[in-house]
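Reading the structure
These are the residues of each chain, in order.
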Amino acid sequence: MTYWVGLTGGIGSGKSQAAAEFARLGVPVIDADEVSRSLTADHGAALPEIRARLGNELFDTKGRLNRAALRDRVFRRPQAKQVLESIMHPLILAEIRRRQSEAEQVYGVIDIPLLIEQPAFSVLAHRILVVDVSEATQIERVQSRSGLDTGEIKRIMASQACRRERLLAADDVLPNEGTLAELAVKVQRLHRYYRAYFSRFSRANP
Ligand code: ADP
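Residues numbered from 1 in each chain as written. Predicted model: local features only at pLDDT ≥ 70, side-chain atom pairs only at ≥ 80, totals over all residues. Heavy atoms only, no water.

Considerations on the UniProt feature "binding site: ATP" (unreviewed entry) in the protein
The feature "binding site: ATP" (unreviewed entry), as annotated in UniProt, sits at Gly-12, Ser-13, Gly-14, Lys-15, Ser-16 and Gln-17 in this numbering. Here Gly-14 is to be found in the loop between strand S1 (3–8) and helix H1 (15–24). The residues touching Gly-14, leaving out its near neighbours within four places in the chain, are Val-131 and Asn-176. With respect to the element layout, Gln-17 can be found in helix H1. Overall, the relative accessible area of 35% leaves Gln-17 in the partly exposed class. Aside from chain neighbours lying at most four places away, what touches Gln-17 is Leu-180 and Leu-183. (UniProt positions renumbered as here; feature names shortened; annotations may be inferred. Helix = DSSP H or I, 4+ residues; strand = E, 2+ residues; numbered from the N terminus. Contact = heavy atoms within 4.5 Å. Buried < 20%, exposed > 50% of the residue type's maximum accessible area, 1.4 Å probe, protein only.)

See the structure below:
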């Protein structure tokens, strides 16, 4: 059996960076955002239900989903957001479970941004690892990554759990105010810890 660490944190905290470090060490990594995108890509499994329940006008003549129109709809209409989540969440859960069942290592990592906000996903992880930075660092790093303006970044942050809520839910915390090299060293240390921790767990629960 493979055990799973749910890697989470606010926008720009460094989840993708940390996930890449785990992957470099040979740990299987599942990216929940990528799973979600694959379900809504061309011929994705979520498209028929999105079309049926949210409308044809979100699709172009070739049957491709207009993501910007969908984002806009969900932003303006909370009810549409609920419908979209009721379509997407069971599919995301099922696809992540499918990928989990293929892993053979002692443990793996799921990079899952909304783990705290969406408790339904907590069944996927045995431990929660929160990447933690100050809000000022989040804003600065998102700005240099994507050029979004401060107002837009703050709007996204306001829609996510706050730092305190995340830290309360964490089993382990990965502070990421330092350099990328320091982050890599911390991930290596966590990797040694998780390997030993989950191996012991495996022996006790064969
Ligand atoms: P998330 O996946 O949580 O949104 P990312 O991993 O994409 O965050 O990190 C946000 C940005 O900050 C990226 O451009 C990333 O390269 C950069 N970054 C992450 N950690 C550090 C760090 N310790 N030092 C400098 N830049 C960092």
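Considerations on the pattern of salt bridges
Summed over the entire model, instances satisfying the criterion amount to 13 salt bridges. Of the charged contacts in the structure, one is a salt bridge between Arg-53 and Glu-49, with a shortest N-O distance of 3.3 Å. Remark: Glu-49 and Arg-53 occur in helix H3 (residues 47–54); sequence separation between them is 4 residues, near one turn of the helix. Under the relative-accessibility criterion, Arg-53 is labelled partly exposed at 44%. Owing to a relative accessible area of 35%, Glu-49 belongs among the partly exposed residues under this scheme. The residue Glu-95 makes a salt bridge to Arg-99 at a minimum N-O spacing of 2.8 Å. Separated by 4 residues within a single helix, Glu-95 and Arg-99 lie in helix H5 (residues 78–101), roughly one turn from each other. By relative accessible area, which is 17% here, Glu-95 ends up buried. Take Arg-99: its relative accessible area is 22%, and that puts it in the partly exposed class. Because the salt bridges share partners, they merge into one network encompassing Glu-34, Glu-95, Arg-98, Arg-99 and Glu-102. (Salt bridge = Lys/Arg side-chain N within 4 Å of Asp/Glu carboxyl O.)

As for the packing of aromatic side chains
Each aromatic ring pair is specified by the distance between its two centres and by the angle formed by the two planes. Summed over all chains, the structure comprises 7 aromatic pairs. Among the aromatic residues, those joined into a ring-pair cluster are Tyr-3, Tyr-107, Tyr-193, Tyr-194, Tyr-197 and Phe-198. Sitting above the plane of the Phe-59 ring, Arg-51 keeps its charged end 4.4 Å from the centroid. (Phe/Tyr/Trp six-rings, centres within 6.5 Å; stacked < 30°, edge-to-face > 60°. Lys NZ or Arg CZ within 6 Å of the ring centre and 35° of its normal.)

Quick look at the pairing of strand S4 (residues 127–132)
The buried count for S4 comes to 6 of 6 residues, which makes it a mostly enclosed element. Across the two faces of S4 the burial is the same, with Arg-127, Leu-129 and Val-131 and Ile-128, Val-130 and Asp-132 all buried. Direction of pairing for S1 relative to S4: parallel, over a ladder of 4 bridges. The residue bridging Thr-8 from the neighbouring strand is Val-130, located in S4. Two strands pair when backbone bridges link them, and S4 and strand S5 (residues 172–175) are joined in this way by 4 bridges, in the parallel orientation. (Pairing = 2+ DSSP bridges.)

What to know about helix H4 (residues 67–76)
An α-helix turns once every 3.6 residues. As a result, residues three or four positions apart point the same way. Inspection of H4 places Leu-70, Arg-73 and Val-74 among the buried residues, and these make up the whole buried set. The buried residues of H4 occupy one face: seen down the axis, they fall within an arc of 95 degrees. When the buried face of H4 is taken as reference, the exposed residues oriented beyond 90 degrees from it are Arg-71, Phe-75 and Arg-76. A distance of 3.2 Å separates the backbone nitrogen of Ala-68 from a side-chain oxygen at the start of H4, and that oxygen is part of Asn-66. (Arc of directions from axis to C-beta. Polar contact = N/O pair within 3.5 Å; in protein donor to acceptor, adjacent residues only side chain to side chain.)

Focus on the domain arrangement of the protein
Here the protein is described as being made up of domain 1 (1–28 + 104–206) and domain 2 (35–102). In this structure, domain 1 and domain 2 have C-alpha centres spaced 24 Å apart. Taken together, the 9 residues of domain 1 in the interface contact 9 residues of domain 2. Approximately 860 Å² of surface area, both sides summed, lies buried where domain 1 meets domain 2, with 66% of it carried by carbon and sulfur atoms. At the junction of domain 1 and domain 2, the tally comes to 0 salt bridges. Linking domain 1 to domain 2 there are 2 residue pairs in polar contact (both at pLDDT 80 or more). Its residues assigned to classes, the side of domain 1 that touches domain 2 shows 6 nonpolar, 1 polar and 2 charged. (Domains from an automatic or database assignment. Buried area = accessible area lost by both parts, 1.4 Å probe. Nonpolar A, V, L, I, M, F, W, Y, C, P; charged D, E, K, R; others polar.)

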